[in-house]
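Examination of the molecular architecture
Given next are the chains, with one letter for each unit.
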Amino acid sequence: APSARQEEPTSHLLVPLFGSRTFDQHYNDRMPRRFQSPQGLVSAKIRALITGHGSDENQCAEFCPGIANYFFINGKQFELEFPRAGTQLGCTFAVSNGSLPNEHGTWFYGRNGWCDGQAVEPWVIDITDHLAPSDWGYLNVLEFAGLYNGKTPNPTSNPGQMLVSSHLIFEVSLNASSAP
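The present account deals with the structure reproduced in this document. (Residues numbered from 1 in each chain as written. Predicted model: local features only at pLDDT ≥ 70, side-chain atom pairs only at ≥ 80, totals over all residues. Heavy atoms only, no water.)

1. Observations concerning the nonpolar core
This is how the line gets drawn: We call a set of buried residues a nonpolar core when its members are Ala, Val, Leu, Ile, Met, Phe, Trp, Tyr or Cys and they connect through side-chain atoms within 4.5 Å of each other. Only protein chains enter the area calculation, which uses a 1.4 Å probe; residues under 20% of their type maximum are buried, those over 50% are exposed, and those in between are partly exposed. Helix and strand assignments follow DSSP, with helices taken as H or I runs no shorter than four residues and strands as E runs no shorter than two, numbered in order from the N terminus.
Ranked by internal contacts, the top residues of the largest apolar core, which has 32 residues, are Ile50, Phe71 and Ile127. Taken together, the elements giving at least two residues each to this core come down to β1 (10-22), β3 (41-53), β4 (67-73), β5 (76-81), β6 (123-126), β7 (140-148) and β8 (161-173). Top contributing element to this core by residue count: β8, with five residues.

What follows is the structure, given as structure tokens:
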């Protein structure tokens, strides 16, 4: 028998957030994003693709272990690390997930966020429960940072790149009242 409750129609709003940068002492010089929760909010998620490329004296940002990525929403911290980065055989363990063996000469080394030929795994964070309700009139504060061994990176030569594509995705009810 059909359910008496019908699915409520929703729509999605995609908001670009933080992008790629050189992984150096200026990497975290980013302005926080401030926003009010939309009326009729059903869910809110951050979706990010993050990969390290290039090599400074520490093998960052591609091969070095110790890079941690952070999103902060209203003070709540979410962290992403890549435990296979810097390991001798990190990408060999990903062959069954799409990593291409024998792709160039260094395919087997663990990297920050990717392996040759493999799709980059998105980092999806449900932040719905950490947002101020729209009727409170408060602004939410969203920040992003990346650290190397717990500190802002500060290479002395040839800094690498952290390629970042991040978005805030709001799912909102189409039946929500637009009245305050």
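2. Examining the sheet that holds β3
Hydrogen bonding along the main chain pairs the strands of a sheet, whether they run parallel or antiparallel. Condition: Any two strands between which DSSP finds at least two bridges are classified as paired. Simply put, an axis is a line fit to the C-alpha atoms, just over the touching stretch for a helix, and the angle between two N-to-C directions goes from 0 to 180 degrees.
Spatially, β1-β8-β3-β6 is the arrangement adopted by the four strands of the open sheet, whose pairing is antiparallel. Two strands lie at the open edges of the sheet, namely β1 and β6, each paired on one side alone. Adjacent strand axes in the sheet meet at a mean angle of 20 degrees when their direction is disregarded. Relative to β8, β3 runs antiparallel, the two sharing twelve bridges. Across the sheet, Leu49 pairs through a bridge with Ser165, a residue of β8.

3. Observations regarding the side chain of Ser166
Where we set the bar: Under this definition, polar contacts are N or O atom pairs within 3.5 Å; protein pairs additionally need one hydrogen-donor-capable and one acceptor-capable atom, and for neighbouring residues in sequence, both atoms have to be side-chain atoms. Pairs of residues are marked as contacts when any of their non-hydrogen atoms sit within 4.5 Å.
By the element assignment, Ser166 lies in strand β8. We classify Ser166 as buried; its relative accessible area is 3%. There is a polar contact of 2.7 Å between the side chain of Ser166 and the backbone oxygen of Phe18. Among all residues touching Ser166, those that are not within four sequence positions of it are Val15, Pro16, Leu17, Phe18, Arg47, Ala48 and Phe71.

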